[in-house]
Amino acid sequence: MCIRTVMTYASPVFAHAAPKALHRLQVIQNKFCRAATDAHWCVRNSILHRDLELPTISKYMKDASKRFFDIAGSHPNVLLRAAVGYRPPHPTHLVRRPRNVLTDPPDALTAAVESLNDVNDTHD
């Protein structure tokens, strides 16, 4: 079984977890990337993710949540469609719901990887 499968099981729901928990998963993924590539300690994690074409945990879970809500929105079960169709609360509201992950800004590592990918795309 792939380590990403284990780490991201039920990710549409797990994306609702505390940022500290997601950060811990990201640290584990970074360690695996570094060990798999035998990269030196001074190589940035964003470079590893870019070169491996591997999304960060945050980006992966955001994409998985988007796919989940897209599929659930067109599901034949009326109750499931009704549960998906809601407006997220105001950003300053204290109660977070799983769909909020779609509107959250990317974390620092994800933003760095995306900016590196954008730079590479403009140079191609």
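Quick note: structure is the one above.
Since the structure is predicted, the reported quantities are computational estimates derived from the model, not experimental observations.

So, how was this worked out
Residues numbered from 1 in each chain as written. Predicted model: local features only at pLDDT ≥ 70, side-chain atom pairs only at ≥ 80, totals over all residues. Heavy atoms only, no water. Axes fitted to C-alpha atoms, helices over the stretch in contact; angles between N-to-C directions. Helix = DSSP H or I, 4+ residues; strand = E, 2+ residues; numbered from the N terminus. Parallel < 35°, antiparallel > 145°, perpendicular 65-115°, else oblique. Left-handed = near helix turned anticlockwise from the far one by under 90°. Contact = heavy atoms within 4.5 Å. Nonpolar A, V, L, I, M, F, W, Y, C, P; charged D, E, K, R; others polar. Salt bridge = Lys/Arg side-chain N within 4 Å of Asp/Glu carboxyl O. Buried < 20%, exposed > 50% of the residue type's maximum accessible area, 1.4 Å probe, protein only.

*Asks:* In this structure, what is going on with the packing of helix α3 (residues 19-37) against helix α4 (residues 45-52)? I would like to understand it.
*Replies:* Working note: a packed helix pair is described by the angle between its axes plus the distance between those axes. Here α3 crosses α4 at 65°, and the two axes come no closer than 10 Å. With respect to α4, the element α3 is oriented roughly perpendicular. Every pair of crossing elements has a handedness; the one defined by α3 and α4 is left-handed. Contacts between α3 and α4 involve Q26, Q29, N30, C33, R34 and T37 on the former and, on the latter, N45, L48, H49 and L52. In the contact of α3 with α4, the residues fall into three nonpolar, six polar and one charged.

*Asks:* Would you explain the pattern of salt bridges in this entry?
*Replies:* Pairs can form between side chains of opposite charge once their charged atoms are near each other. Tallied over the entire structure, the rule returns three salt bridges. K59 is the salt-bridge partner of D63, the closest N and O atoms lying 3.4 Å from each other. Here K59 and D63 lie together in helix α5 (residues 57-73), a separation of four residues that amounts to about one turn. Looking at K59, the relative accessible area reads 30%, which means it is partly exposed. The salt bridge partner of D70 is K66, with a shortest N-O separation of 3.2 Å. Of the two residues, D70 and K66 both sit in helix α5, four residues apart, roughly one turn of that helix. Take D70: its relative accessible area is 45%, and that puts it in the partly exposed class. Take K66: its relative accessible area is 46%, and that puts it in the partly exposed class.

Geometric values such as these leave the question of function open.
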